[in-house]
Amino acid sequence: MPISEGSPVDSEVLDAETDWEARYQAGSTRWDRGAPSPSLERWLEVTALGPGSRIVVPGCGFGHEVPALASRGFRVIGLDVAPTPVGHLRRELAQAGLEAEVVQADMLAWQPEGPVDGIYDQTSLCALAPEQWSAYEAKLHGWLREGGELFACFMQTGREGGPPYHCAVPTMRQLFPADRWGWQDEVGRTDHTNGKYEQLFSLIRR
Ligand SMILES: C[S@@+](CC[C@H](N)C(=O)[O-])C[C@H]1O[C@@H](n2cnc3c(N)ncnc32)[C@H](O)[C@@H]1O
């Protein structure tokens, strides 16, 4: 992809969109469970947030968690760079008669209109290259109100490269430092096929 002079951000957006959209168009979406993840159920068991709270689901993909949250009364914003899952999710919400905002945007460039109460990150961070993680952490911090909650499903692949990229918990503790995030105890683990799993943490924005 040629990078036009003076617009590096636009070019990065286009790369992410093109690469991920190509996977959706090829039907290469092995990460998709076809239903809400057990990680969401675990979060709903432990979170202090309730109906009416504004929640962002970044990198939502087909976003099965978005209608699941909307049906429980949360005000949800699903966000993804790829047009195909965004269109799919909008149609699914309409068919179910549920309301949620679904935005097609690069999460490293997008900003909500006002601070939100919660972020549910499921296989979103691990979809980004590690060079982008600091910028992503800054975005998440900037989206949340003080005292808001980031529910993070840290992907454990045990291997180099990605996506998905390995999100080792010691690395995550450096990325989400204690002076910016209040780390709660680990609340569980969600297994994937072929040995990968998510370690589930709730982080409170300071
Ligand atoms: C591994 S998939 C996970 C999808 C969904 N969270 C799930 O668990 O099924 C990663 C998602 O992140 C999206 N994504 C990757 N980079 C992005 C970016 N810069 N901005 C917004 N979405 C992005 C991709 O389009 C893809 O849908």
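Residues numbered from 1 in each chain as written. Predicted model: local features only at pLDDT ≥ 70, side-chain atom pairs only at ≥ 80, totals over all residues. Heavy atoms only, no water.

Visitor: Hey, could you run me through the site of the ligand in this one?
Guide: Around the ligand, a shell composed of 15 residues is seen, among which Tyr24, Gly59, Asp80, Gln122 and Thr123 lie nearest. Val81 places a main-chain nitrogen or oxygen 3.1 Å from a nitrogen atom of the ligand. Contacts to the ligand include Thr123, whose side-chain N or O atom sits 2.7 Å from an oxygen atom. Calculation on the ligand without its partners gives an accessible area of 590 Å², and the protein chains cover 95% of this total. (Near = heavy atom within 4 Å. Polar contact = N/O pair within 3.5 Å; in protein donor to acceptor, adjacent residues only side chain to side chain. Areas by Shrake-Rupley, 256 points an atom, 1.4 Å probe, with all protein chains shown as cover.)

Visitor: In this structure, what is going on with helix α4 (residues 83-96)? I would like to understand it.
Guide: The first and last C-alpha atoms of α4 sit 20 Å apart over 14 residues, in line with the 20 Å expected at 1.5 Å per residue. Turning to α4, its buried residues number three or more, namely Pro85, Val86, Gly87, Leu89 and Leu93. Of the residues one or two after α4, Gly97 is the one with positive phi, at around 70°. (Helix = DSSP H or I, 4+ residues; strand = E, 2+ residues; numbered from the N terminus. Expected span 1.5 Å × (residues − 1). Buried < 20%, exposed > 50% of the residue type's maximum accessible area, 1.4 Å probe, protein only.)

Visitor: Just checking my understanding: could you explain the pairing of strand β7 (residues 188-191) for this structure?
Guide: The sheet contact formed by β7 and strand β8 (residues 197-205) spans 4 bridges and is antiparallel. The residue of β8 that forms the bridge with Asp191 is Tyr197. The antiparallel pairing of β7 with β8 creates a hairpin that spans 5 residues between the two strands, and Asn194 there sits at a positive phi of about 40°. (Pairing = 2+ DSSP bridges.)

Visitor: Please explain the side chain of Glu65 as it appears in this structure.
Guide: With respect to the element layout, Glu65 can be found in helix α3 (residues 65-70). One buried charged residue, Glu65, forms no salt bridge at all, with the nearest opposite charge on Arg33 at 6.3 Å. There is a polar contact of 3.2 Å between the side chain of Glu65 and the side chain of Gln122. With sequence-adjacent residues up to four places away left out, Glu65 is seen in contact with Ala35, Pro36, Ser37, Leu40, Tyr120 and Gln122. (Lys, Arg positive; Asp, Glu negative; His and termini not counted. Salt bridge = Lys/Arg side-chain N within 4 Å of Asp/Glu carboxyl O. Contact = heavy atoms within 4.5 Å.)

Visitor: When you look at unusual backbone geometry in this model, what are you seeing that I'm missing?
Guide: With glycine set apart, most residues show a phi of negative sign, and most peptide bonds adopt trans. With an omega of -5°, the peptide bond between Gly162 and Pro163 qualifies as cis. Along the chain, Pro163 turns up in the loop between β5 (144-156) and α6 (169-175). In this chain, Pro163 is followed by Pro164 through a cis amide linkage whose omega measures 0°. Looking at the element boundaries, Pro164 is found in the loop between β5 and α6.

Visitor: Hey, could you run me through the packing of aromatic side chains in this one?
Guide: For any two aromatic rings, the description comes down to two numbers: the centre-to-centre distance and the angle of the planes. On inspection of all chains with the given rule, the structure shows 12 aromatic pairs. Ring centres of Phe154 and Phe201 lie 5.9 Å apart, and the angle between their planes is 45°; on these two criteria the pair is classed as tilted. Here Phe154 is found in strand β5, whereas its partner Phe201 is found in strand β8, with 47 residues between them in sequence. Judged by its relative accessible area of 2%, Phe154 falls in the buried class. Accessibility expressed as a relative area gives 3% for Phe201, which makes it buried. Ring centres 5.5 Å apart and planes at 80° place the aromatic pair Phe176 and Trp181 in the edge-to-face group. Of the two residues, Phe176 and Trp181, neither departs from the other in class, the shared state being buried. (Phe/Tyr/Trp six-rings, centres within 6.5 Å; stacked < 30°, edge-to-face > 60°.)

Visitor: Got a minute to help me understand the pattern of salt bridges in this structure?
Guide: Throughout the structure, instances matching the rule amount to 5 salt bridges. Residue Glu41 pairs with Arg72 through a salt bridge whose shortest N-O separation is 3.1 Å. Of this pair, Glu41 sits in helix α2 (residues 38-46) while Arg72 sits in the loop between α3 and β2 (75-80), placing them 31 residues apart in sequence. Exposure remark for Arg72: the relative accessible area of 36% places this residue in the partly exposed category.

Visitor: What's the story with the side chain of Lys196 in this structure? I'm lost.
Guide: You can see Lys196 is positioned in the loop between β7 and β8. Salt bridges are absent for the buried Lys196, whose nearest opposite-charge side chain, Glu198, sits at 11 Å. Excluding residues that lie within four positions of it along the chain, Lys196 makes contacts with Met155, Gln156, Thr157, Arg159, Pro164 and Asp191.

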